[in-house]
Amino acid sequence: MLPGGWLWGKWVLLLLPGAVSLAPWSRTCLKLSGSDSPCAKPMLAKGVKRPRGEMEGGDPEPRDPGAAPASSLFNISMVKLHQSLRHVEPNLRHLVLVANTLRRMQDQMQREARGPDSPEAPSVVDSPAPVSDSRDSGLEPCRQPPSDSQGDDLLLSTMDTSISTILEDLGQVEVLSPARPEEEQPLAGASGARQEPARTSAPCLGPLELLSSASYLLEDGLEDIFEDIDTSMYDCDLWSPTSLSGFKAFSGAEDSDSKALAGAEDRLDMSDLDYLMDVLVGGHAL
Amino acid sequence: MAGVAGGGGGGGGNDFQWCFSQVKGAIDEDVAEADIISTVEFNYSGDLLATGDKGGRVVIFQREQENKSRPHSRGEYNVYSTFQSHEPEFDYLKSLEIEEKINKIRWLPQQNAAHFLLSTNDKTIKLWKISERDKRAEGYNLKDEDGRLRDPFRITSLRVPILKPMDLMVEASPRRIFANAHTYHINSISVNSDHETYLSADDLRINLWHLEITDRSFNIVDIKPANMEELTEVITAAEFHPHHCNVFVYSSSKGTIRLCDMRSSALCDRHSKFFEEPEDPSSRSFFSEIISSISDVKFSHSGRYMMTRDYLSVKVWDLNMENRPVETYQVHEYLRSKLCSLYENDCIFDKFECCWNGSDR
């Protein structure tokens, strides 16, 4: 799995009380639990069984009381995604399913925003006629009525703000892990093209980039993470290359001065070392 | 008891009447979190039933011998053994507590008087030996009856210890610990028909283990993309074929099942068979993928069929036909109109298991 001991220093820092405020993804001792939903409506709290009488009462509900227009469903999904990502080890299945659902919603919204005259793909988008019947036939009532252009604009701007939030989080993560230049360009492009409704779904994949650099990380660029650590307590005379010639510095953060010094005084120290060795060996022989 | 959905309930639903034969546990409304049962598994003969809970404990029930005078009444199950299988662990690297909740239990086929089972939490699999002791030795030479050591110089005669019966004691001891092989959360384990190996599956990888070897495992499936942002699918369950020790299947969150043959390559990233039912365009919605996510897959005892459980239905597949299942059973179709609310309160992500009865009916 992951290399062990020498990463201790970093994590001790994070466990100290003050360090909890570092970044959204900083490690707090989260007990893993199933996904929590802040928007659990009292009517169907998780795990609570509805008494059987209620189930059978009357006709099958023609209108799902929990039905929400697509925009609020989108928001709910975004909230779920963020919540999932906030865990140190997110429930991958939950994350992937929510992200894919979000993509579907986004695709549909973009298709609708493009207008009804654009070549239509599969039947996710209803034509106006069946919408009124959808409730009776028990179809998914959560679809957005197609003829709502004002709603569309609102929707897209909501989408924009949500995605920019994700980009923000991504930015914070990049502070702690080395930014990969090839990823930054598409992101910059996306934020520039915010006004265009027809956009690739690449920005929405942003949250999953958090996965690659956040939780299951520590695979590359490890040295940069440690730059902020103060190693002055280790800069002891005993251990500096000046006194132990030929000893390789164990941290890349060593300043170059001491290394230059080490080279120059190499020959002098060699004799000191030899003398020490002789004393030790001589003592033993006695 | 645990929420196991009885699967494959015969052609005519009216022919079977299902009822509880026995209920174990507190009927109290207040159930401690740690007591919530997270997995259930019968052994091969059905005489033993193992349950795992969120507190990391395993409780095994044993069926009483059937009374000869009442041949039609099934034997009652009583507690046989209880032990703490997993403890909560703290992963210091990630500042994260690893839950002790038992995700899966699988029995090994019985080979001698002792019983063996594998139990797993999110990260570690353990092999437990459950053995009975109903005799004890008496008359040791070097020890007193109360266990005090005797002075060897004072012993003047030797005797042979004799075995005396005692109250039955059932002991569980961990024989192997298979750890540090999974980055993601283990969701399945499956014992192979060779009785020597088993697989363990997490969200993105499947590893093959030998029961005798704990310090390494062999990775046979890896669906982790090069960039995590391309992740669109995870592994949800995996099982070995009951007769062919080189064949196994794994299901995904997209509702597909892949059958792999370990003889074809070391890393079984390319499947031999791919099972997927095409989406019904009339019932497509935002939640289509979530409800198609398969939560459990089980081979029939014959090995000819497999059963899968998704959110609303149970499907039976013929291994020779990849394009659609041969049978589909809607388990709770009335939920289909409520998918929106179920999504909001996360109930749509609940997982269910399924299993065949002994005669694959």
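- An unreviewed UniProt entry lists chain B under the name Serine/threonine-protein phosphatase 2A 55 kDa regulatory subunit B, with Mauremys mutica given as the organism.
- UniProt lists a comment for chain B under the heading Sequence similarities (unreviewed entry), and it reads "Belongs to the phosphatase 2A regulatory subunit B family."

### Focus: the overall build of chain A
Piece 1. Looking only at helices and strands, one finds 11 helices and 1 strand in chain A.
Piece 2. Seen in sequence order, chain A has helices and strands lined up from the N terminus as α-β-α-α-α-α-α-α-α-α-α-α.
Piece 3. Buried residues in chain A amount to 37% of all 286 residues.
Piece 4. Of all intrachain contacts in chain A linking residues separated by at least 6 positions in sequence, the fraction that spans at least 24 positions is 67%.

### Digging into the overall build of chain B
Piece 1. Tallying secondary structure elements over chain B gives 2 helices and 22 strands in all.
Piece 2. Scored against the burial criterion, the 361 residues of chain B give a buried share of 47%.
Piece 3. The contacts in chain B between residues at least 6 apart in sequence include a share of 50% that link residues at least 24 apart.
Piece 4. Carbon and sulfur atoms make up 49% of the accessible area of chain B, which amounts to about 18700 Å² in all.

### Remarks on the packing of helix H3 (residues 70–86) of chain A against helix H4 (residues 92–114) of chain A
All names here are of chain A.
Piece 1. Here H3 crosses H4 at 150 degrees, and the two axes come no closer than 9 Å. On the basis of the axis angle, H3 is roughly antiparallel to H4. Considering the relative orientation of H3 and H4, their crossing is left-handed. Here Leu73, Phe74, Ser77, Met78, Lys80, Leu81, Ser84 and Leu85 of H3 come into contact with H4, specifically with His94, Leu95, Val98, Ala99, Leu102, Met105 and Met109.

### What to know about the sheet that holds strand E22 (residues 327–330) of chain B
Residue and element names in this part refer to chain B.
Piece 1. Read from one edge of the open sheet, 4 strands run E19-E20-E21-E22, paired in antiparallel fashion. Each end of this open sheet is capped by a strand with a single partner; those strands are strand E19 (296–299) and E22. Recorded for the sheet is a direction-independent mean angle of 15 degrees between the axes of neighbouring strands.
Piece 2. Note that strand E21 (residues 313–318) and E22 share 4 bridges and pair antiparallel. The partner of Val314 across the bridge, within E22, is Tyr329.

### Considerations on the nonpolar core
Piece 1. Judged by nonpolar contacts, the single largest core of 36 residues is most densely connected at B:Phe287, B:Tyr311, B:Tyr343 and B:Ile348.
Piece 2. Listed by contribution, the elements that provide at least two residues to this core are H3 and H4 of chain A together with helix H1 (288–292) and helix H2 (339–344) of chain B.
Piece 3. Top contributing element to this core by residue count: H4(A), with 9 residues.
Piece 4. Those residues in contact with B:Tyr343 that sit more than four places away from it in its chain are A:Leu73, A:Ile76, A:Ser77, A:Lys80, A:Val98, A:Thr101, B:Phe287, B:Ile290, B:Ile348 and B:Phe349.
Piece 5. Core analysis: the second largest hydrophobic core is formed by 13 residues, B:Leu208, B:Ile220, B:Val221 and B:Phe248 among them.

### Things to note about the pairing of strand E13 (residues 205–210) of chain B
Successive residues of a regular strand alternate their side chains across the two faces of the sheet.
Residue and element names in this part refer to chain B.
Piece 1. With 5 of 6 residues buried, E13 lies mostly within the body of the structure.
Piece 2. One ladder, built from 5 bridges, connects strand E12 (residues 197–201) with E13; its direction is antiparallel. Residue Ala201 lies in a different strand from E13, and its bridge partner there is Ile206.
Piece 3. In this antiparallel pair of consecutive strands, E12 and E13, the connection spans 3 residues.
Piece 4. Two elements, E13 and strand E14 (residues 213–222), share 5 bridges in a ladder whose sense is antiparallel. Residue pairing for E14: His210 is matched across the bridge by Ile213.
Piece 5. Linking E13 to E14, which pair antiparallel, is a turn of 2 residues.

### Here's the deal with a nonpolar patch on the surface
Piece 1. On the surface, a nonpolar cluster with roughly 470 Å² of combined accessible area is contributed by A:Leu273, A:Leu276, A:Met277, A:Leu280 and A:Val281.
Piece 2. Along the polypeptide, A:Met277 turns up in helix H11 (residues 266–285).

### Considering the sheet that holds strand E18 (residues 273–275) of chain B
All names here are of chain B.
Piece 1. Pairing in this open sheet of 4 strands is antiparallel, and the strands run E15-E16-E17-E18 from one edge to the other. Of all the strands in the sheet, the pair left with one neighbour each is strand E15 (235–240) and E18. Put simply, the sheet's adjacent strands are angled 20 degrees from each other on average, direction ignored.
Piece 2. Alignment of E15 against strand E16 (residues 247–252), held across 5 bridges, turns out to be antiparallel. From the neighbouring strand, Ala237 faces E16, where its bridge partner is Ser251.

### Structural notes on the pattern of salt bridges
Piece 1. Under the counting rule described, the total for this entry stands at 27 salt bridges over all chains.
Piece 2. For B:Arg154, the salt bridge identified is with B:Asp151, shortest N-O distance 3.9 Å.
Piece 3. When its relative accessible area of 68% is taken as the criterion, B:Arg154 is described as exposed.
Piece 4. The network of salt bridges with shared partners includes A:Arg104, B:Glu279 and B:Arg284.

### Points about H3(A)
Piece 1. For H3(A), built from 17 residues, the straight-helix expectation of 24 Å at 1.5 Å per residue is met to within 8% by its first-to-last C-alpha distance of 24 Å.
Piece 2. Inspection of H3(A) places A:Ala70, A:Leu73, A:Phe74, A:Ile76, A:Ser77, A:Met78, A:Lys80, A:Leu81, A:His82, A:Ser84 and A:Leu85 among the buried residues, and these make up the whole buried set.

### A short note on unusual backbone geometry
All names here are of chain B.
Piece 1. The backbone of His195 sits at a positive phi, close to 60 degrees, despite the residue not being glycine.
Piece 2. Mapping His195 onto the fold places it in the loop between strand E11 (188–191) and E12.
Piece 3. For Asp346, which is not a glycine, the phi torsion comes out positive at approximately 70 degrees.
Piece 4. Structurally, the position occupied by Asp346 is in the segment after H2.

So, how was this worked out
- Residues numbered from 1 in each chain as written.
- Chains lettered and ligands numbered in written order.
- Predicted model: local features only at pLDDT ≥ 70, side-chain atom pairs only at ≥ 80, totals over all residues.
- Heavy atoms only, no water.
- UniProt positions renumbered as here; feature names shortened; annotations may be inferred.
- Helix = DSSP H or I, 4+ residues; strand = E, 2+ residues; numbered from the N terminus.
- Buried < 20%, exposed > 50% of the residue type's maximum accessible area, 1.4 Å probe, protein only.
- Contact = heavy atoms within 4.5 Å.
- Areas by Shrake-Rupley, 256 points an atom, 1.4 Å probe, with all protein chains shown as cover.
- Axes fitted to C-alpha atoms, helices over the stretch in contact; angles between N-to-C directions.
- Parallel < 35°, antiparallel > 145°, perpendicular 65-115°, else oblique.
- Left-handed = near helix turned anticlockwise from the far one by under 90°.
- Pairing = 2+ DSSP bridges.
- Core = buried A, V, L, I, M, F, W, Y, C linked by side-chain atoms within 4.5 Å.
- Patch = residues over 30% accessible without salt bridge, like charges linked within 9 Å, V, L, I, M, F, W, Y side chains within 5 Å.
- Salt bridge = Lys/Arg side-chain N within 4 Å of Asp/Glu carboxyl O.
- Expected span 1.5 Å × (residues − 1).

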